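The residues making up each chain are set out below.
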Amino acid sequence: MIVTVTPNPSLDRTFEIARLVPGEVLRATAVHHHAGGKGINVSRALACQGIPTVAVLPVGGAVGERLAGMLADLGVEAAGVEMAGETRTNVTLADADGVTTKINAPGPDLTPAEVDALVATVETLLARGPRHLVAAGSLPGGAGDLYARLAALAARHDTSFVLDSSGEALASALEQGGVALLKPNDEELAELVGRELVTVGDVVDAAHEVRRSGVQELLVSLGAHGALLVTADDVWWAGGPAVVPQSTVGAGDTALAGFLSTDASPDRRLRTAVAWGRAAVLLPGSAVPAPEDVHEDVVRVVHRPDPTLVLKEL
Ligand SMILES: Nc1ncnc2c1ncn2[C@@H]1O[C@H](COP(=O)(O)OP(=O)(O)OP(=O)(O)O)[C@@H](O)[C@H]1O
Ligand SMILES: O=P(O)(O)OC[C@@]1(O)O[C@H](CO)[C@@H](O)[C@@H]1O
């Protein structure tokens, strides 16, 4: 079983439009709703492939109730913690060329009691001996130390702690140490190390710099250019032929779910991650792929890729 925590969940509303024109009234050709937030997407992707998971999330107001109902309809086990604020709604504009524009609301602040309740809920679930604890997404106001607390809790329960966040939430969680796997995209990794990453070697060097702060492995997603897995003493790249995406929202979360879905060798897990991510971008909104949508055979894995290769040319 895999436990996910999403401190700032969202109802993801996707408008399909022909083309984004600022300042115009745009007519949507279709509208999709999904239960969103990064940890929730990981849980949805796992559940869709029949892998046991529990999603921990704060639930607030009518939007929160709706989101919890959507998870129940999908058969995703959820451990909801009641909060006073209303769950946010995030908006995606997906244009016909596969370009997505996203507007993420800040989300309601959590009270100290609500943060404590999330931690207590996770602690109860850790007693069930999950394979991983995945903490993912932005931290709402009032929850600044939540990821550091979860990392410490996972260490006490000898559970692998997986983190996918960005900005200040990521930087402060890393200070605690104890992260088994970090899943940044190349831009988030560049922000973390404070320099531009152009080549495979740049990513590998940055990943090792982050590893020195107590992270064991990094799965660095590269959007259309696949993903790199950097461990203590090895590197793999995986990618596949170009596709025209419907929506890239949640592709990183789905790729992370794929990576965690198996205990196979690192290269096999990377292949699965990239195959799940590719499958996700061919679906609307933040929809997650079913087994028949995933095609591992088209994914190429390269052991110790040439460090001089330019990321955008992979
Ligand atoms: N345009 C694309 N074409 C093919 N595959 C893609 C594309 N975009 C993403 N993917 C697949 O999805 C994986 C994750 O994508 P990406 O790096 O965009 O994640 P992310 O930035 O964390 O996304 P999000 O935060 O929306 O979940 C990639 O490693 C790749 O396998
Ligand atoms: O605002 P955050 O927490 O950084 O990201 C939230 C979010 O953009 O992440 C998911 C895609 O990865 C979406 O389901 C959701 O809307």
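Going along each chain's sequence as written, the residues are numbered from 1 onward. Labels are handed out in written order, letters beginning with A for the chains and numbers beginning with 1 for the ligands. Selection of residues for local features in this predicted model requires a pLDDT of at least 70, selection of side-chain atom pairs for listing and counting requires 80 or more, and totals for whole chains, interfaces and linings are taken over all residues.

Enquirer: Please provide a residue-by-residue account of the pairing of strand β4 (residues 53–59), values included.
Expert: Extensive coverage of β4 is indicated by the burial of seven of its seven residues. Of the two faces of β4, both are covered, the one formed by T53, A55, L57 and V59 as well as the one formed by V54, V56 and P58. Alignment of strand β1 (residues 2–5) against β4, held across four bridges, turns out to be parallel. Bridge pairing in β4 links V3 to V54. Partly exposed residues are those whose C-beta has more than 12 but fewer than 20 other C-beta atoms within 10 Å; 20 or more makes a residue buried and 12 or fewer makes it exposed, with C-beta atoms placed from the backbone. Working definition: helices are DSSP H or I runs of at least four residues, strands are E runs of at least two. Numbering for both runs from the N terminus. Whether two strands pair comes down to DSSP finding at least two bridges between them.

Enquirer: Could you give an account of the site of ligand 2, naming the residues involved and the relevant values?
Expert: Taken together, 17 residues sit near ligand 2, with G36, N90, N104, G137 and S138 positioned nearest. At the level of elements, β2 (10–17), α1 (38–48) and α8 (251–260) are the ones that each hand at least two residues to the shell around ligand 2. The classification used treats Ala, Val, Leu, Ile, Met, Phe, Trp, Tyr, Cys and Pro as nonpolar, Asp, Glu, Lys and Arg as charged, and all other residues, Gly among them, as polar. Looking at the shell around ligand 2 residue by residue, the classes come out as one nonpolar, 12 polar and four charged. We call a residue near a molecule or strand when its C-beta atom, built from the backbone, sits within 6 Å of it.

Enquirer: Residue-level account of unusual backbone geometry, with values.
Expert: Peptide bonds are trans in most cases, and residues, glycine excluded, mostly fall at negative phi. One non-glycine residue, D158, lies in the positive phi region at around 55°. One can find D158 in the loop between α4 (146–156) and β9 (160–164). The exposure class of D158 is exposed, given the 8 C-beta atoms found within 10 Å. Look at R304: it is not a glycine, yet its phi comes out positive at around 50°. Looking at the secondary structure, you find R304 in the segment after β14 (300–303). Residue classification places R304 among the exposed positions, given that 11 C-beta atoms sit within 10 Å.

Enquirer: Break down the sheet that holds β1 for me, citing the residues and quoting the values.
Expert: In spatial order, the strands read β5-β4-β1-β8-β9-β10-β11-β12-β13-β14; together these 10 strands make up an open sheet with mixed pairing. Both edges of this open sheet fall to β5 (77–82) and β14, since each of them pairs with a single strand only. With direction set aside, neighbouring strand axes in the sheet form an average angle of 20°. In this structure, strand β13 (residues 235–239) lies alongside β14, joined through four bridges in antiparallel fashion. For A238, the partnering residue across the bridge sits in β14 and is V301. To get an axis, fit a line to the C-alpha atoms, keeping to the stretch in contact for a helix; angles then go from 0 to 180 degrees between the N-to-C directions.

Enquirer: Let's hear about the site of ligand 1: which residues, and what values?
Expert: Residues in contact with ligand 1 amount to 20 residues; listed here are only the nearest, S221, A224, A251, G252 and G277. Looking at the shell around ligand 1, the elements with two or more residues in it are α8 and α9 (266–281). For the shell around ligand 1, the class distribution of residues is 10 nonpolar, eight polar and two charged.

Enquirer: Tell me about the environment of L283, and name the residues and values.
Expert: Secondary-structure assignment places L283 in the loop between α9 and β14. Residue classification places L283 among the buried positions, given that 21 C-beta atoms sit within 10 Å. Taking the C-alpha atoms as reference, L283 lies 25 Å from D267; in sequence the two are 16 residues apart. C-beta atoms are placed from the backbone for every residue, and two residues are taken to be in contact when these atoms lie within 7 Å. Ignoring any residue separated from it by four or fewer positions in sequence, one finds L283 in contact with Q246 and P289.

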